[in-house]
Every structure is written in C-alpha cells, then in structure tokens.
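An overview of the molecular structure
If you want the building blocks of each chain, they are given just below.
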Amino acid sequence: MNRLRMQDMKILVASLVLFGILMALLGGGVLGAFWEFNLILLGINIIMSVSLNLINGYTGQFSLGHAGFMAIGAYMSAVLTTNFQVPFLGALIAGGLAAMLLGLLIGLPTLRLRGDYLAIATLGLGEIIRITIMNIQYVGGAAGFMGIPHKTTFTWVFFVMLFVLFFVKNFINSSHGRACIAVRENEIAAEAMGINTTKYKVMAFAIGAGFAGVAGGLFAHCFYIINPTSFTFMASFNYLIMVVLGGLGSITGSIAGAVVLTGVSAALADLPEFRMIIFSLVLILLMFYRPQGLFGYMEAADMKWIKRLKGGRK
Amino acid sequence: MELLRAQNVSKMFGGLKAVSDFDVYINKGELVGLIGPNGAGKTTAFNLLTGVYQPTTGSIDFDGKSLVGLKPYEITQRGIARTFQNIRLFSELSVIDNVKIAHHSHVKYGVMESVFRLGRYFNEEAEIEHEAIELLKIFKLDDKKDEIAKNLPYGAQRRLEIARALAAKPKLLLLDEPAAGMNPQETQELMQMIRWIREEFGLTVLLIEHDMSLVMGICERIYVLEYGSVIARGTPQEIKNDPEVIRAYLGGEAIN
Amino acid sequence: MEFTEQFVQQLINGISLGSIYALIALGYTMVYGIIKLINFAHGDIYMVGAYIGFFAISVAHLSIVPALIVSMVVTGILGMLVEKLAYKPLRNAPRISILITAIGVSFFLEYVSMYFVTPQPRTFPNVMESTAYQLGAFVINGQQLLIFVITCILMVLLTYIVQYTKVGKAMRAVSFDTETAQLMGIDANRIISVTFGIGSALAAAGGVLVGVYYNSIDPLMGIMPGLKAFVAAVLGGIGSIPGAMAGGVILGVIEALVSGFISSTFRDAAAFGILILVLLFKPSGLFGKNTREKV
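Residues numbered from 1 in each chain as written. Chains lettered and ligands numbered in written order. Predicted model: local features only at pLDDT ≥ 70, side-chain atom pairs only at ≥ 80, totals over all residues.

Thoughts on the overall build of chain C
From N to C terminus, chain C includes 11 helices and four strands. Over its C-alpha trace chain C gives a radius of gyration of 19 Å, about what one expects of a compact globule, namely 19 Å for 295 residues. Classification of the 295 residues of chain C by burial places 53% in the buried group. For chain C, the share of sequence-separated contacts (at least 6 apart) that also reach a separation of at least 24 residues comes to 76%. (Helix = DSSP H or I, 4+ residues; strand = E, 2+ residues; numbered from the N terminus. Rg over C-alpha atoms; globule rule 2.2 N^0.38 Å. Buried ≥ 20, exposed ≤ 12 C-beta atoms within 10 Å, placed from the backbone. Contact = placed C-beta atoms within 7 Å.)

Concerning the sheet that holds strand S2 (residues 16–27) of chain B
Residue and element names in this part refer to chain B. Pairing is antiparallel across the open sheet formed by four strands, whose spatial order is S2-S1-S4-S5. Every interior strand has two partners, whereas the edge strands, S2 and strand S5 (65–66), have only one. Note that strand S1 (residues 2–13) and S2 share eight bridges and pair antiparallel. What sits directly across from methionine 12, in S2, is lysine 17. Sheet strands touched by helix H1 (residues 42–49): S1, S2 and strand S4 (57–62). Its angle to S2, the strand with the most contacts, is close to 65°. (Pairing = 2+ DSSP bridges. Axes fitted to C-alpha atoms, helices over the stretch in contact; angles between N-to-C directions.)

So, the interface of chain C and chain A
Chain C puts 33 residues into the contact, and the matching count from chain A is 31 residues. Among the elements of the structure, helix H4 (95–117) and helix H11 (267–281) of chain C are those that each provide at least two residues to the side of chain C that touches chain A. The biggest single contributor to the side of chain C that touches chain A is H4(C), with 15 residues. Its residues assigned to classes, the side of chain C that touches chain A comprises 26 nonpolar, five polar and two charged. (Nonpolar A, V, L, I, M, F, W, Y, C, P; charged D, E, K, R; others polar.)

Quick notes on the nonpolar core
Ranked by size, the top nonpolar core spans 278 residues in total, and within it Ile47(A) and Ala205(C) carry the most contacts. With 16 residues, the top contributor of residues to this core is helix H1 (residues 2–35) of chain C. Those residues in contact with Ala205(C), other than ones at most four positions away along the chain, are Leu23(C), Leu68(C), Met72(C), Ile150(C) and Leu154(C). (Core = buried A, V, L, I, M, F, W, Y, C linked by C-beta atoms within 7 Å.)

Things to note about the sheet that holds strand S10 (residues 229–234) of chain B
Residues and elements named next belong to chain B. Taken in spatial order, the six strands line up as S6-S7-S8-S3-S9-S10 in an open sheet, and their pairing is mixed. In the strand order of this sheet, the two ends are held by strand S6 (80–82) and S10, each with one partner. Across the sheet, the mean angle from the axis of one strand to that of its neighbour is 20°, orientation sign disregarded. Relative to strand S9 (residues 221–226), strand S3 (residues 31–35) is paired through four bridges, and the arrangement is parallel. Note on S9: the bridge partner recorded for isoleucine 35 is valine 224. Each of S3, S6, strand S7 (172–176), strand S8 (204–208) and S9 is contacted by H1, which is oriented at about 150° to S7, the strand it contacts most.

Some remarks on the packing of helix H3 (residues 64–87) of chain C against helix H8 (residues 188–214) of chain C
All names here are of chain C. At a minimum axis distance of 7 Å, the contact between H3 and H8 shows a crossing angle of 140°. Here H3 lies oblique to H8, going by the angle between them. Like other packed secondary-structure pairs, H3 and H8 cross with a definite hand, here right-handed. (Parallel < 35°, antiparallel > 145°, perpendicular 65-115°, else oblique. Left-handed = near helix turned anticlockwise from the far one by under 90°.)

Thoughts on the environment of Leu123(A)
Residue and element names in this part refer to chain A. With respect to the secondary-structure elements, leucine 123 resides in helix H5 (residues 115–134). Assessed through the 24 C-beta atoms surrounding it within 10 Å, leucine 123 is described here as buried. Taking the C-alpha atoms as reference points, leucine 123 and phenylalanine 62, separated by 61 residues in sequence, lie 9.9 Å from one another. Look past the residues within four positions of leucine 123 in its chain and what remains in contact with it is Leu64, Gly65 and Phe233.

Description of unusual backbone geometry
Excluding glycine, most residues fall at negative phi; most peptide bonds, likewise, are trans. All names here are of chain B. Residues other than glycine seldom take positive phi values, yet aspartate 63 does so here, at roughly 55°. With respect to the helices, strands and loops of the structure, aspartate 63 is situated in the loop between S4 and S5. On the basis of neighbour count, aspartate 63 is assigned to the partly exposed category, with 15 C-beta atoms found within 10 Å. For tyrosine 227, which is not glycine, the phi torsion reads 50° and is therefore positive. Structurally, the position occupied by tyrosine 227 is in the loop between S9 and S10.

Re the packing of helix H7 (residues 175–185) of chain A against helix H3 (residues 95–102) of chain B
Following both chains from N to C, one finds H7(A) and H3(B) inclined at 105°, their axes separated by 10 Å at the closest point. It follows from the interaxial angle that H7(A) and H3(B) lie roughly perpendicular. Contacts between H7(A) and H3(B) involve Arg178(A), Ala179(A) and Ala182(A) from the first element and Asp97(B), Lys100(B) and Ile101(B) from the second. Here the residues of the contact of H7(A) with H3(B) sort into three nonpolar, no polar and three charged.

Here it is as structure tokens:
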C-alpha cells in the first residue's frame, strides 16, 4: 500500500479512536447534554468553515453569503423529512444537492466579479435567499418551519464531517485542487497555464455550497423549528471569522477556527454582547498582527514540530 | 511548415491604436525575435496571440486553425505557452507546485477519482511529480523544489517561469523579456538554455527582448515593432543595418 | 386616479428615504474612491450619529439644528479616529485584511453601543410639529420636508467643498492617483482623514434625520441602511459623488414603490436585487468608469 493511502488510513484510524473516546464520554455521562449539543454544533461549524475555506481560502473567491446555502439545505431537508417522510440521509443529500445547484446557478454569472464586488454580490445573494425564504408561506415564512424530527446525533455529525474533511483534503491534493489554488495565486497566470479558471471557480463554489447545504440539513434536524433569522449575514460573518482565524488555505486551520469560535461562544453564551466585542477585537488584532491566521497556508502535518515528533524521516 | 500566422491584426483600445497591420509568420522550429522601443506594442502582441486580448481586426492561425475568439486557457491547450514581462509566478506556492500546475491540462483523472483516490490518481500523480522534477533539473532548480517561489532569487524566478511554461507541453513558446534584469553571464547561460530546449523539446520560440546581444545571438529572424506596427523584418544582419530600425531605436547611430 | 396618487405618494416617500440613503452613500463612495475600501462600519457610524443626536436633544435639550451640528461634528471625529486606529495601519495590507478589519470595527461599534445604551430601541423625542401639508391629493409631512431641505443644503455644501476649495481639489487628486498627489505635495494622510470625517458627518446627519422621521433608534439600526446605501453607491458608480446622490434617491424611490405596490416584505430584497443586476450588467454604475488590470 503506498504512502498516501497509509497516511489516509492513519488519519482514519485516529479519527475513529477519537470518536470512540467521545462517544464513551458522552454515553457514560461524563460529558452532559450541554457538551453533546456543543460538540454537534462544532461538527456542523467545522463543515461550514471547511467548505467556506474551499471557496475563500483555496480558490481566493471572497464569498460572504455562505449562510444562504446553509439555509437552502436546511429548509429543503427539513421539508423532505417532515412533510414527505424521506429518510434522513436522503434528505441531507437532497439538501446538499439543492444548495450545490444554487451555487452553480449563482456562481456562473457572479464569479466574473473580482474581490470587493464579489464579496458584496455574494452578501446580497445570501440576503436575497433569506428574504425569499421569509416570504414563502409553505415553509412558514418569517415564523419559521416547525415539526422537524430530531434526527441529528453526534454520530451523524461526526461521520458526515469526516467525509467532508476527506473529500476536501483529497480534492486539494489533486491537480484539480492545485488548479483552484493557482486561480487564487494569480488568475491571469493560471489561465495562461491552460486552466479554465471560470470552471474551477464555479466548481469550488458549487462544492462549498453543497457541503454548506448538508451542514444546513444537520443543523435543521437539531431543532424542532428553524427560521430565517439563523441564516443572516451575521451567520455568514461567523463562518468567515472561523476561516480567517484558522487560516485561509488550511484545513487544520478551519477546524481550529471552528473550535475556537464554538468554544468561546459556548463559554460566553450568557454574555452575548461581551462575546461579540471580544470577537471584533480579536478579528481586528488578527488582521494587524497575524493576518494569515493561526495556520496560514500550512496544515498540521507541515508544522516543523510535528515532523520532529514523527522522528525526522526526511 | 508554417506554425503561426497573424495577418492584418490590429487592436484598438477605445481611440488608441495599440497594434495595427501586425503581419507575422513563424515556421515550425524557428527561433524568432520581436523587438522595438518601449511601448511599441510587443506585449500587446503577445496578449493578442495568447487570447488575453481579442484582435479588433485580422486573423491569427495556429497549426492551421484560427485562435480568434478562444479564451487564453483554450489557446494554451492548443499548444502555446508563455512567460510574462513582470514575473507572474504562483508566489506563495513551492517551486515544484508551480511546475505541476502547468501540467494540469494534460491530466486525465477527474474530480471524483481524486477525491476517492482511485487507481489512476496515484499513477498520474507519480508521473506529474517525476516529470516536474525532470524539468526542474534542466533549469537547475531541482534542489530548491520545495522552496516557496517568492523566496527565490530573481534569476531563478525567471528560469522557473520558463520551466513552468514548458510543463504545459507547448509547441510554441512565447518568452516576454526572459533576460530582463540578468547580468551578461546569466544572459549567456539563458541563450544556451533557449537553444537547448528548442532542440530537446522540438519547440518553436518567439521572444520579446531588449537585450540586443541575446536577440542578435540566437534569433534566426526578427520583427521590429514601433508604435504598434511592424516597421522591419528579416535576419539579424538585415535588421542591424536597416535605417528604419536604427532611426526608431537610436535616431542615427548603428546598432553594435 | 388611485394609481397615480399612490405612485406620487410613494415617490415622495421614496425621495425622503432616498435622501437618507444618499447621505450615507456619500460616505461610502468617498472612502472607496480614495482608498478603495468598502467601509463596512459606515452604517454603524450612521447609528452612532443618530444616538448622539438623541442624547443632544433629550439630555442637552438642544433643538434640531444644533443637535444635528453637534452630532455631525462628534461623529465626524469618530470617523477620523476609526480611520487612524483601524485602517491606516493596514494601508498596505492585502485588501481582504482591511475588509475583515472593517467588519470587525462594525461589530465593535454595534456591540459596544449595545453595552452602553442597551439593545432596547429608544424613542426619539419630538422636535417638530407633525404637520402634514396637503398638496392637492398628496401629503408631505413636515419631517419629510425637513429631510429634503437639510439633505439639499448638505449636498450643495459638499459639492462646493469638493469642487471649489483647495481641500476638495486635494481630495479629488488623491482619489485619482494617490502617489502622484503626494509627489505634488499633498499630505495624503490628512486628506484621507478629512474624507472620513466628512463622510461620517454626512452619515450622522442621516442618522439624526432618521431619528426625527421614524422616531425609533436602536444599536443595530445601521446594518440594513448601511448595506442599502452601499448598493446605492454602487448603483450610482462607486467613487462618484453625484453618483452616490443619484443612486441614493433612485434606490429610495424604487424601494418605496416596491413596498407600496408589491409587498413590504420584499422591500429589502429590492435593494439586493438591484445590486446583483448592476454588478452583472454595468458594474461601473451610472456615473462610474471602468478600470483594467495590466497584464
């Protein structure tokens, strides 16, 4: 078995061990309901931040409307399970596909825009999605959609998250992933090297949107009711902070960013204003002193001290 | 055998005529130079040939087929690769990644295969790595393969740009001022390198240059541009003594 | 004819609303024109202006015009402070860094305000008679007239400053080509400060006028109008002052018409819809120009 497959196996095994430990802690009552809820939320946040990172970090397209895709997935999957008794996995996939489709439709025209303009266009689109949902009576409008079965468990979240992480990791480490990175680095040079930049921008956008939709589905089935206020651009900014904090262009970073943000949010849940003040200051200071975030472009495996731990093979 | 022919090409930006009556042909295997004073439209010509700009009038045919209307990446896939006047490397990426990226249009495995890491992925990745390293060896960059591109010395960055262009497996290589910022010794090495890769890879080369020693030293034919139009064409010897060229560049003295 | 009556009525409402958008949009457009930054915190500057006006009237018992002036001055200074502390150090950083910092400043202003004045909306004290003037079948109330008059005055003032004073000339020079302007002896930093100051003062005026008109202010009131004013600036051509004025009014009118004739829940979507259309079909806006990247 070659080196890359070995690496993948190692990561898989380590993840399963982690899962086992967490399940034991949860089942044994060491970690109570508060922890279970937050671990589920963390898993969802990791999916959101990694999928956003694919768009913003790896492909360099500044998207500020990620919560909109989450909303599509959330509502689509919720309607399917609640009104049509579709099995959970099917609903999740449908939600993801719906979001991906929208990502494609939105991506094609708007990805011609650059930088700031793309940012506000995606912000606007995220809002349009939310406002449109708010006006559809079938899904409850502004009052929200009720009656959603509680299907999301830690197990579900963990394994979907693992799938997403592997998907993105393998995508990035292929020629297609490199094409996306080339688009980020220097779009004109990438075109000159034979890369269809539009195709890859749209692809990253669609994949990111799709996973956000899946995360949305998981999110919806945590609660009895969902409403459009969970999917405003404030939510989009939340995910953006996770990605930027962790490091645009690093999967480990996105995980770390999600962990920090979810953790701080949970810890300061009683002091919402204080929490936001801290977030805003952290964000500003980060841009001043460490704009590349915690991990920059590197993954945990690239860090020198981990290499030393592994025994300095090369 | 003619590889590239641009006929009657012109490019207008609003009222400004950047290039006009651009008539150029290049035969397979030739090493042709494009020279002219600053602002003559040389890079614009490159941009027209590579699809960055669309010509306002005229035709551009490569290998018998028209290039007009194609996007830059499509033209690259047809077999034309280029370097840039102001280096456009993927600066935050490693040297070897820069080269691997140019290989992309020849990759056969799809997205799903890369995600699920099926057979073809491993084989092709190994091949890409191998070919990239071979290419870097030619340009004496293989020992720096994991270095971040922006940390390379200037001369090495320019070589990397050429290596990257070659990774795209072109038939025609466009070099935009490859010797810019190089000292005489580096320029000599570059000249030998260009001759060598032309032989080794069966390339046709069109280059823009200001360094006359390089142009006169390796180009078989030269086109001279001034204010967007071709004012002279011929062998280096002919160009050296062409009064129009002398006037355009120096206003009187012969080129030595 | 009921339709025309409704139409003109909404037109009047729209112009009032649009004037507010224009005042805020001017700040966005001037800042973008001069340092190419979308100041996400600008909507919150408008909010702070509203609150300062509120306190000037209810605590210091000033009447409307002095309160307006106080708010404009204080908020203008705040704007300059924000620029100096948060944006200036990042002048040479990549664009995404400064954009994210702007988002951070926006959150900061919102939540610090919330901490001090509580999230509860405050009622703006009545500063003028709620007289309604009848113009045939249409109604303009006193506040709408006030908004219109003050906005006109401010815009005329701004145009005068930009076109006929040295500072204005310097502003135009710096937004055209910062380096060359500096070579000509213009202190770009000072000019950028002044631009922020003026933009913030105008937004503050908008905030106070909104307080007077709608009677209610809260710490998050700047978010939506901020976004919409940005759309207005883009519509008019970002970087263009007449564009911001025109864009603001046009957006206000469209929003009023959508609200009146289609549905009030869709009014917010109207702004974003316009944004998308403009970005897709004419990104330079009504009065803006295209810039190309050199290859």
